[in-house]
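# Structure assessment
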Amino acid sequence: MATADTKRDAIRKAVLKYRGASLGEVVEKVSEELNVKDYEVARTIYEMAERGEVRLVDPREGFLNFLLYHSFWFHLVLLFVMGTIASVVFNIAPLRYFFGFVFVMYLPGAALTELVYPKKEDLSQLGRVAMGIGLSLALDPIVGLFLNYGPGIFVSTSLASLSALTLALSVGALVRKYSYYKLAREVRRNKG
């Protein structure tokens, strides 16, 4: 029995040496290093995880994964902001009217709505659209007021300030949504 315990202690020490590597890499390196079967190393790692000595992290639960796979709305906001900027810079009239209308009448308020109500169940889709339009109608004059007493109200200054406001609110909403996403994953993991 003493040899099994010493073998486990050796595996534990070797596992702790490779922190940050993937589970497969750790199992492979430790089994080669100590000349132990893969399944023994894997079993020891899972026992260590159950005792809280090591933490196994799913690589799909990071911020980048959330940004790529769980935040389609953020990609749409970026698309409309970039589309508006491109249509104004290249002066493409039909696209400028379309993107400009959505950009001014909906996007700033929609970004603020996502920031204030980050969870899907907080507000219905229709409520989000209505809040987006209403808050945009409230935010646009405030931006115009600041521009009037600053550099002046021009297409370029209006575009830059509304873009900055929309992107700042969207990034804030993205961070809040990610924190709720992480919390929900943690709750599911603890229940299961």
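The structure under discussion appears in the preceding block.
Right, let's get into the overall build of the chain. Secondary structure summary: the chain contains nine helices and zero strands in total. Ordered by position from N to C terminus, the α and β elements of the chain give α-α-α-α-α-α-α-α-α. Structurally, the chain occupies a C-alpha span of about 80 × 35 × 30 Å along its principal axes. A total of 192 residues make up the chain; the buried ones form 33% of that total. Within the chain, counting contacts between residues at least 6 apart in sequence, those at least 24 apart form 60% of the total. When the accessible surface of the chain is totalled, it reaches about 12300 Å², and 66% of it is carbon and sulfur. The distance from the centre of the 23 positive side-chain charges to the centre of the 18 negative ones in the chain is 4 Å.

On inspection of all chains with the given rule, the structure shows seven aromatic pairs. Taken together, a centroid distance of 5.5 Å and an interplanar angle of 55° make the contact between F66 and Y178 tilted. With F66 in helix α4 (residues 63-69) and Y178 in helix α9 (residues 155-191), this residue pair connects regions lying 112 residues apart in the sequence. The class of F66 is buried, set by a relative accessible area of 4%.

Nonpolar side chains collect at one region of the surface, where V89, F90, I92 and L95 lie side by side and expose about 400 Å² of accessible area between them. Relative to the elements of secondary structure, F90 occurs in the loop between α5 (72-89) and α6 (93-105). Using a relative accessible area of 62% as the deciding quantity, one classes F90 as exposed.

Procedures and definitions
The numbering scheme is per chain: residues are counted from 1 as the chain's sequence reads. A pLDDT threshold of at least 70 governs which residues receive local features in this predicted model, and a stricter bar of 80 or more applies before side-chain atom pairs are shown or counted, although totals over entire chains, interfaces and linings include all residues. Values reported for side chains reflect all heavy atoms of the structure, with hydrogen atoms and water molecules removed beforehand. What counts as a helix is a DSSP run of H or I of at least four residues, what counts as a strand is a run of E of at least two, and both are numbered from the N terminus. Type-normalised accessible area, obtained with a 1.4 Å probe on protein chains alone, sets the label of each residue: buried when under 20%, exposed when over 50%, and partly exposed for intermediate values. We call two residues contacting when some pair of their heavy atoms lies within 4.5 Å. Note that accessible areas follow from Shrake-Rupley with a 1.4 Å probe, and for residues the cover is restricted to the protein chains shown. A positive count includes Lys and Arg, and a negative count includes Asp and Glu. His and the chain ends are not counted in either. Where a charge lies is defined by one atom per residue type, namely NZ (Lys), CZ (Arg), CG (Asp) and CD (Glu). In this scheme Phe, Tyr and Trp rings, the latter by its six-membered ring, pair at centre separations within 6.5 Å, and the angle between planes marks the pair as stacked below 30 degrees, edge-to-face above 60, and tilted otherwise. Exposure above 30% relative accessible area and no salt bridge define the residues that can form patches, which grow by joining like charges within 9 Å and nonpolar side chains of Val, Leu, Ile, Met, Phe, Trp and Tyr within 5 Å. What makes a salt bridge here is a side-chain nitrogen of Lys or Arg within 4 Å of a carboxyl oxygen of Asp or Glu, nothing more.

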